[in-house]
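A look at the structure
Take a look at the letters that make up each chain.
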Amino acid sequence: MTEPVLALSGLRKRFGALQVTDNVSLALAPGELHALIGPNGAGKTTLVHQISGMLKPDAGAILFRGADVTALSPQRRARAGLARTFQITSTIASLSVLENVALSAQARGPRPLALFGDAARDEALNGPARAALEAVGLAGRAHVSAGRLSHGEKRALEIAMALTLEPAAILLDEPLAGVGREEGERLIGLLRSLKGRYAMLLVEHDMDAVFALADTVTVLVYGAVIATGDPAGVRADKAVREAYLGEEG
Amino acid sequence: MSATPAGSLADPAPRRARLTVAVALFGLLAVLPLAVQFGLPSHWLTLATRAMIFAIAALSLDLILGVGGLVSFGHAAFIGIGAYGAGILIAEGQGEALIALPLAIAACALFAAVTGAVSLRTKGVAFIMITLAFGQMAYFLAQALSAYGGDDGLTLQQRSTLAGWDVFADRTHFFYIVLATLAGCHFLIRAIVASRFGRVLRAARENPVRVAVTGYDVDRVRLIAYVISGMIAGVSGFLLANQTEFVSPAFMSWQRSGELIFMVVLGGVGTLHGAIIGAFAFLVAEDVLSGWTEHWKAIFGPLIVLFVLMTRGGIDGLLRRLGGRGDD
């Protein structure tokens, strides 16, 4: 097996009496689409926050590209090549769609904080940004403020922002949540087109999407991993059916 | 504050419109000394010079408040440091602006770097309170400067010179120096807002978490903006000391910091030229009202409250609506 891009080992996090992350270990291989599922309150988003650096685990280690990043700030992890999207879409509403993506291009390029030169006309930033918008199907919306996009378009924009960082791994926190069927299908198509090119950790409630896309599925219940493996194996797992899938019918 | 038009500073059309307003303003100001030649009371030249000096400070505040979303309630400290820089060096026999101004600016940068590094650990109301506290600290420090007048302040024996030339002493020359400095600061801040750095600062006002997970150190970006802002406010203080030929701790009072915020809000937060318009509106209103009655503050206060309530986006917002362009 190849060296994983991202490896969690023995991660624990407690909010008061509640164990939200209970000894979680998992590995994300290069190019793998790894889905993380579990009932509401299973601690999926909390886990993503710990991986991206917004929350500190109480114990355990996060290895990213072979280095221990457990103590690093979110911005240091992002610069190391870890991108993420949010369960509640997180874009810069007043900036144009193109500028939102250019903000990512700028972070990757030289002199990201240059004090002079008109950033809005900088082709070194706009070029890659336009290409990313093309890839997610937002090319026609480049000059609209991000705040005016539809919910599904915002989701696509967030993915474009993540891709432009040229990341080694992407954490996708419920990219389909609250999205209508039509836009959802477009997003699933987009994720499928990214498969194999990026290592992705996908938190998702939409089981059809998960089982259609994932190479590996990990099931989290009460903060603990109860099963992990290929989709067919997880679907057949008795504990999973009892704890979770059964409720879904 | 996230609904301010600052984000649209990056859109080409309003950006150009704003540039036009600013250039027209500077053009109008440039002919003011001519109007004085043709009979306008020279008092207006003095008032306009004072307004331009405060406009520089208000502009610098707009960079962090309007563009960066950081409400600093201690900005007058930088005016005071710049002013004391001019005053103390003149008292020590160093009246050359080419030496004194860089020193004053450096002192502001240092004060901003230290107080900013501490203040930026906090957010929202805590940030307002801690910048206020640092401002008051500078105020009491100035009061304790007994060698330089302490509480009574320090009278400047002369104005600064520029490369040995006493160009600051002539009212019209000084007016043009201040105008050129104001225009220079405006274009400098405008360029910074449009730059890569400015884009990150604007984005962080709205969504610091997104900016952080994109790989930027938000605190560092804000600290740099805070230092730049403090340095520019220091320039305004240096000029103010030269105009009034007097420096006192009152330059850094918290009321003064509040007035600067008023100017920015009055003119239109995050628009840059709004800060200039706000400074003029504030000082002209103050001048006119205080000519009518000594209780002018009782009129001025409610007037500002009414104005801010009734014109969303300040004077800039009002002009935009009158111009039919709406406030999108």
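Residues numbered from 1 in each chain as written. Chains lettered and ligands numbered in written order. Predicted model: local features only at pLDDT ≥ 70, side-chain atom pairs only at ≥ 80, totals over all residues.

1. Quick notes on the overall build of chain A
The line we're drawing: Helix and strand definitions here come from DSSP, where helices need a minimum of 4 consecutive H or I residues and strands a minimum of 2 consecutive E residues; each element is numbered from the N-terminal end. For a compact globule the rule gives 2.2 Å times the number of residues to the power 0.38, and the radius of gyration it is set against comes from C-alpha atoms. Any residue whose C-beta has 12 or fewer other C-beta atoms within 10 Å is treated as exposed, any with 20 or more as buried, and any in between as partly exposed, C-beta atoms being built from the backbone.
Across its full length, chain A holds nine helices and 10 strands. The C-alpha radius of gyration computed for chain A amounts to 18 Å, which stays within 12% of the reference 18 Å derived for 249 residues, consistent with globular compactness. On the principal axes, the C-alpha backbone points of chain A span a range of 60 × 40 × 40 Å. Every one of the 249 residues in chain A was classed for burial, and the buried ones make up 48%.

2. Thoughts on the overall build of chain B
Inclusion rule: A pair of residues counts as a contact when their C-beta atoms, built from backbone coordinates, are within 7 Å of each other.
If you tally the helices and strands in chain B, you get 14 helices and two strands. Scaling as 2.2 N^0.38, a compact globule of 328 residues should have a C-alpha radius of gyration of about 20 Å, and chain B matches this with 19 Å. A principal-axis box enclosing the C-alpha atoms of chain B has dimensions of 55 × 45 × 40 Å. When contacts within chain B are restricted to residue pairs at least 6 apart in sequence, those whose partners lie at least 24 apart make up 76%.

3. Brief notes about the pairing of strand β1 (residues 6–15) of chain A
Residue and element names in this part refer to chain A. What counts is decided by this rule: Paired strands, as defined in this entry, are two strands with at least two bridges between them according to DSSP.
Bridge count for β1 against strand β4 (residues 59–64) is five bridges, and the pairing is antiparallel. In the strand pairing of β4, L8 is matched with I62. Two elements, β1 and strand β2 (residues 18–28), share seven bridges in a ladder whose sense is antiparallel. What sits directly across from L6, in β2, is L28. Here β1 folds back onto β2 in antiparallel fashion, the turn holding two residues, of which G16 has a positive phi close to 60°.

4. Remarks on helix α13 (residues 296–310) of chain B
Defined as follows: Here the expected span of a helix is defined as 1.5 Å times the quantity of residues minus one.
A rise of 1.5 Å per residue sets the reference length of α13 of chain B, with its 15 residues, at 21 Å; its end C-alpha atoms lie 21 Å apart and thus fit the reference within 8%. Within α13 of chain B, only zero of the 15 residues are buried, leaving the element largely exposed.

5. Some details on the sheet that holds β1 of chain A
Residue and element names in this part refer to chain A. The condition is simple: Lines fitted to the C-alpha atoms define the axes, with helices restricted to the stretch that makes contact. Angles between their N-to-C directions range from 0 to 180 degrees.
Spatial strand order, β2-β1-β4-β5: four strands in an open sheet with antiparallel pairing. Two strands close off the open sheet at either side, each with one partner strand: β2 and β5 (67–68). Contacts between helix α1 (residues 44–52) and the sheet are confined to β1, β2 and β4, with β2 contributing the most and set at about 60° to the helix.

6. Quick notes on the interface of chain A and chain B
Convention followed: Only Asp, Glu, Lys and Arg are considered charged in this grouping, and only Ala, Val, Leu, Ile, Met, Phe, Trp, Tyr, Cys and Pro are considered nonpolar; every other residue, Gly among them, is considered polar.
Contact residues are listed per partner, giving 28 residues for chain A and 23 residues for chain B. If you list the elements that add at least two residues to the side of chain A that touches chain B, you get α2 (74–79) and α3 (97–108) of chain A. In terms of residue count, α3 of chain A provides more of the side of chain A that touches chain B than any other element does, five residues in total. For the side of chain A that touches chain B, the per-class residue count stands at 15 nonpolar, eight polar and five charged.

7. Regarding helix α4 (residues 123–136) of chain A
Residue and element names in this part refer to chain A. Here is the rule: By definition, the arc is the one covered by directions from the helix axis to the C-beta atoms.
When the terminal C-alpha atoms of α4 are compared, their 20 Å separation across 14 residues agrees well with the 20 Å that a helix rising 1.5 Å per residue should span. Taken together, the buried positions of α4 are L125, P128, A129, A132, L133 and V136. The buried residues of α4 occupy one face: seen down the axis, they fall within an arc of 145°. Exposed and oriented more than 90 degrees from the buried face of α4 are E123 and G127. Where α4 is buried, its residues meet α3, α5 (151–164) and α6 (181–194). Positive backbone phi, approximately 80°, marks G137, located one or two places after α4.

8. Looking at the environment of P112 of chain A
By the element assignment, P112 of chain A lies in the loop between α3 and α4. Setting aside residues no more than four positions away along its own chain, P112 of chain A makes contact with Q106 and A107 of chain A together with R196 and Y216 of chain B.

9. Topic: the environment of L26 of chain A
Residues and elements named next belong to chain A. Relative to the helices and strands, L26 is located in strand β2. On the basis of neighbour count, L26 is assigned to the buried category, with 20 C-beta atoms found within 10 Å. On a C-alpha basis, the gap between L26 and A7 in space is 5.8 Å, while along the polypeptide they are 19 residues apart. Not counting residues within four places of it along the chain, the set of residues in contact with L26 comprises L8, T218, V225 and T228.

10. Remarks on the confidence of the model for chain B
All names here are of chain B. Selection rule: Every residue is assigned a pLDDT by the predictor, reflecting its confidence on a scale from 0 to 100.
Confidence along chain B averages 90 in pLDDT terms, with 95% of residues attaining 70 or more. Below pLDDT 50 for its whole length, residues 1–10 participates in 29 contacts with residues either more than four positions away or in separate chains. With pTM at 0.92, the complex prediction returns an ipTM value of 0.91.

11. Some remarks on unusual backbone geometry
Only a minority of non-glycine residues have a phi that is not negative, and only a minority of peptide bonds are not trans. All names here are of chain A. Backbone geometry places R111, a non-glycine residue, at a positive phi of 45°. By the element assignment, R111 lies in the loop between α3 and α4. Not every positive phi belongs to a glycine, and E166 is a case in point at roughly 50°. Within the secondary structure, E166 is located in the loop between α5 and β7 (169–173).

12. Section: the packing of helix α5 (residues 97–119) of chain B against helix α10 (residues 218–244) of chain B
Residue and element names in this part refer to chain B. What counts is decided by this rule: Helix crossings fall into two classes, left-handed where the near helix is turned counterclockwise from the far one by less than a right angle and right-handed where it is turned clockwise.
Orientation of α5 relative to α10, taken along the N-to-C sense of each, is 145°, at an axis distance of 8 Å. Here α5 and α10 pass one another in a crossing that is right-handed. Here L101, A104, I105, C108, A109, F111, A112, A113, G116 and A117 of α5 come into contact with α10, specifically with L223, Y226, V227, G230, M231, A233, G234, V235 and F238. Residue composition of the contact of α5 with α10, by class: 16 nonpolar, three polar and no charged.

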